[in-house]
Amino acid sequence: MGIKPVLTKDFATENLDQLKVYEQAGGYAGFKKALEMQPDELVEMVKKSGLRGRGGAGFPTGNKWSFLPKGVYPRYLVCNADESEPGCFKDRYLIEKSPHQVLEGILIASYAIGCNLAFIYIRGEYLPQHDALERAIDEAREGGYLGKNVLGKGYDIDVILHRGAGAYICGEETALLTSLEGYRGEPRLKPPFPAIKGLYGKPTIMNNVETVCNLPHIVNNGADWFAAMGTATGKGTRVWCMSGHVNRPGNYELENGTPIRELVEEHGGGVWKNRKLKAFQPGGASMMVLLPEHLDVALDFDAIQKAGSLAGAGAMVVMDETTCMVDAARRYVKFFQHESCGKCTPCREGTFWMANLFDRFEAGDAKPGDVDLLLDIGYSIDGRSFCPLGDASTWFPRSVIKYFRNEFEEHISEKGCPFKKTVQEAVA
Amino acid sequence: MPLAKPTVEHIKGLAARYPSKQSAIIPALWAVQHEQGYVTKDAMGEIAQHLALPPSLIEATASFYSMFLTRPEGRHDVVICVNAPCMLRGADEMAAYLERALGVRDGQTTTDGAITWHSTIECLGACGGAPMMQVDHQFEENLDPERIDAIVERLRTTRAPHGGPPKKAEAVAPVKGEKVRSGAEGARPRAKRTQT
């Protein structure tokens, strides 16, 4: 347990974003090895490794690959680099430091599923990272890793880098596909799942940046090596993005199963300004808040779920005792309201009314009964919206009401935010 | 203003790159914005013509994505994040400081046409370096008043980051004799605001 650099092990190497440096560090050995194998063997290997998707849902990657219908071509691989979850900045880091590692992962996945054209959908805001990937693609093409008959093995593969233009919803897989097809980024009904009918109506696999970055290491070191790391159901490592009130925010790659306490207190240097921990939020904006009593929970999909939250996309937002939980929830609700695509009513209208109510609390206009009204709106969205964006918009505020209902009451009785003064002093 | 020849060639090339030419819409909009600074209805009409698609389709797509600008802005684009992870590290105070330093409100352009700024609730993916902002899409992290001053100073005297023609933004008079509101317009309620 603890710090275990696998994806990030060479990140201290200078100019790792250059092909030559990446090759010297052992880069593309995994792809070369993969080309010596049968695609089916690769799928089995990834299944055996226990790798689960790092984008949020934690679906087993090998199983996802094997859902592709046999004999239907062309099929596509889409690498989801639309990282937009508030609190997450790992994909940006992985791309910036080692774009070739991302590319090598994509090439291995493409070969394994029998695809000849892969896409990277990167969010519009990540322009420097887009440029880094573009350079990497050009270098890899010149180096013979991309194009027709790569490395003389009779396999054709090309990668198209596609830049989004500012829409959180496009991180949702079906909305991403719609956006990639040139439309407004609205989600589609599932089923049919993308593996059956995805991009341009063809079978499509979508994997997150961090997920594909694991593939070269699995191919190089074997499934057993990978499966030896982590917990029974959460193999390998994860890059955790720590932010908020800690002394050393940043990305930390830890073996799955490491206690949250170690991440926050040891690697993050504890809560800043010698303050007490009030709450933290694993997974990103969507995920439920946890309390100091949950610090000994393991960083693992299932353990965090058991504790009442979700590991999501691997964020860790730490909040100290001066934090106004109502304001924190308000920011997230405003975010979801802003990012709701407007396709379905529960999400479009629900996030709007939740945001209005939160503004009322902040402005001191909230009335007794408004907390229950918030919960009521939450229930009307969760499970009734078209895609997970609507559901997720309610999870954090509802968990905050569960643990910090008194703060909402104080906003009502004091006609405004009781934390305002302390927060201002804090930043002064 | 008709699109420049290289942009037109680029757009035509994009259509051939994808299995479906419709996928070229977003990259084409980027190309137009790169050249002209923003996307006009005429330019969308031109995209439609070059891709042989109905103009309504281009407009439907363009209007969905928040990064496509529909009116001219300053030479430089400054976006400061005020979502929760940034808020925890003092983003509201930095946004208010930036507003005072520039003398114009959230979403407006400085009188010299140099900088358009706005706060955003959409996380920009640099929570580990909060408070942060993006300046012409480059990340500026761990902001403090001195850093903001230095960045503003640099932007006032430098050209637009891309090679396009200088944009003519409509200048807005600076806020005078009025208490400057916090920059976190996207996140702060309008009513009963007393904090500066």
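This one's a predicted model, so the numbers in the text were calculated from it and none came from an experiment.

Draft legend 1. Examining the overall build of chain A more closely. Summing up its helical and strand segments, chain A has 17 helices and eight strands in all. Rg of the C-alpha trace for chain A: 22 Å, near the compact-globule value of 22 Å for 428 residues, within the 12% margin. The dimensions of chain A, computed from C-alpha atoms along their principal axes, are 75 × 45 × 35 Å. Looking at chain A as a whole, 57% of its 428 residues are labelled buried.

Draft legend 2. Local environment of the sheet that holds strand 2 (residues 117-122) of chain A. Residue and element names in this part refer to chain A. On the basis of which strands lie adjacent, the open sheet formed by four strands has the order 3-2-1-4 and parallel pairing. The strands lining the two open edges of the sheet, one partner per strand, are strand 3 (158-163) and strand 4 (204-208). Adjacent strand axes in the sheet meet at a mean angle of 20°, parallel and antiparallel pairs treated alike. Judged from the six bridges that link them, strand 1 (residues 76-81) and strand 2 form a sheet pairing that is parallel. Its bridge partner being in strand 2, Cys79 is matched across the sheet by Ile120. Together, strand 1, strand 2, strand 3 and strand 4 form the strand contacts of helix 6 (residues 99-113), whose direction differs from that of strand 1 by roughly 150°.

Draft legend 3. Geometry of helix 2 (residues 25-36) of chain B. Over its 12 residues, helix 2 of chain B runs 16 Å from end to end, which matches the ideal 16 Å to within 8%, given 1.5 Å per residue. Burial analysis of helix 2 of chain B places nine of its 12 residues in the buried class, which makes it a mostly covered element. Listing the buried residues of helix 2 of chain B in full gives B:Ile25, B:Ile26, B:Pro27, B:Ala28, B:Leu29, B:Trp30, B:Ala31, B:Val32 and B:Gln36. Contact partners of the buried residues in helix 2 of chain B: strand 3 of chain A together with helix 1 (5-17), helix 3 (41-51) and helix 4 (55-62) of chain B. Among the residues trailing helix 2 of chain B, B:Gly37 stands out with phi positive, at a value near 90°.

Draft legend 4. Quick peek at the environment of B:Asp92. Along the chain, the position of B:Asp92 falls in helix 6 (residues 91-102). Sequence separation between B:Asp92 and B:Ile80 is 12 residues; the distance between their C-alpha atoms is 9.3 Å.

Draft legend 5. Here's a closer look at the domain arrangement of chain A. Residues and elements named next belong to chain A. In terms of domain boundaries, chain A breaks down into domain 1 (19-227), domain 2 (237-320) and domain 3 (325-427). Summarising the inter-unit geometry, the C-alpha centres of domain 1 and domain 3 are found 36 Å apart. On the domain 3 side, the residues contacting the eight residues of domain 1 number nine residues. Class assignment of the residues belonging to the side of domain 1 that touches domain 3 gives a composition of five nonpolar, one polar and two charged.

Draft legend 6. Highlighting the sheet that holds strand 7 (residues 277-282) of chain A. All names here are of chain A. Ordered by their spatial adjacency, four strands build an open sheet running 6-5-8-7, and the pairing between neighbours is mixed. Taken across any chain shown, the strands that pair with only one partner, and hence form the sheet edges, are strand 6 (250-255) and strand 7. With direction set aside, neighbouring strand axes in the sheet form an average angle of 25°.

Draft legend 7. Representation of the interface of chain A and chain B. With 51 residues of chain A in contact, the opposing surface of chain B contributes 43 residues. The greatest single-element share of the side of chain A that touches chain B, amounting to seven residues, is contributed by helix 13 (residues 325-339) of chain A. Tallied by class, the residues present in the side of chain A that touches chain B amount to 24 nonpolar, 14 polar and 13 charged.

Draft legend 8. View of helix 6 of chain B. Residues and elements named next belong to chain B. Between its terminal C-alpha atoms helix 6 stretches 16 Å, which fits the 16 Å expected from 12 residues at 1.5 Å a residue. Here helix 6 lies mainly inside the structure; nine of its 12 residues are buried. Along helix 6, the residues classified as buried are Ala91, Asp92, Glu93, Met94, Ala95, Tyr97, Leu98, Glu99 and Leu102. At the exit of helix 6 stands Gly103, carrying a positive phi of roughly 75°.

Draft legend 9. A look at the domain arrangement of chain B. Assigned domains of chain B: these are domain 1 (5-62) and domain 2 (76-157). Centre-to-centre, using C-alpha coordinates, domain 1 of chain B lies 30 Å away from domain 2 of chain B.

Draft legend 10. Representation of the environment of A:Leu373 within the structure. Summarising the element assignment, A:Leu373 is placed in helix 15 (residues 370-381). With 15 C-beta atoms counted inside 10 Å, the residue A:Leu373 sits in the partly exposed group.

Draft legend 11. Quick peek at the packing of helix 2 of chain B against helix 3 of chain B. Residues and elements named next belong to chain B. Between helix 2 and helix 3, whose axes approach to 11 Å, the crossing angle comes to 135°. The angle between helix 2 and helix 3 places the two elements in the oblique class. Seen from above, helix 2 lies across helix 3 with right-handed handedness. Contacts between helix 2 and helix 3 pair Ala28, Leu29, Val32 and Gln36 from the former with Ala43, Ile47 and Leu51 from the latter. Residues belonging to the contact of helix 2 with helix 3 are distributed by class as follows: six nonpolar, one polar and no charged.

Draft legend 12. Highlighting unusual backbone geometry. A cis amide bond links A:Pro191 to the next residue, A:Pro192, at an omega of 5°. Of the consecutive residues B:Ala130 and B:Pro131, the connecting peptide bond is found in the cis state with omega at -5°. Mapped onto the elements of the fold, B:Pro131 is located in the loop between strand 2 (115-120) and strand 3 (133-135). Here A:Leu151, not a glycine, exhibits a phi torsion of approximately 50°, which is positive. Inspection of the secondary structure assignment puts A:Leu151 in the loop between helix 7 (127-142) and strand 3. Positive phi outside glycine occurs at A:Asn274, with the angle close to 55°.

Thresholds applied
Residues numbered from 1 in each chain as written. Chains lettered and ligands numbered in written order. Predicted model: local features only at pLDDT ≥ 70, side-chain atom pairs only at ≥ 80, totals over all residues. Helix = DSSP H or I, 4+ residues; strand = E, 2+ residues; numbered from the N terminus. Rg over C-alpha atoms; globule rule 2.2 N^0.38 Å. Buried ≥ 20, exposed ≤ 12 C-beta atoms within 10 Å, placed from the backbone. Pairing = 2+ DSSP bridges. Axes fitted to C-alpha atoms, helices over the stretch in contact; angles between N-to-C directions. Contact = placed C-beta atoms within 7 Å. Expected span 1.5 Å × (residues − 1). Domains from an automatic or database assignment. Nonpolar A, V, L, I, M, F, W, Y, C, P; charged D, E, K, R; others polar. Parallel < 35°, antiparallel > 145°, perpendicular 65-115°, else oblique. Left-handed = near helix turned anticlockwise from the far one by under 90°.

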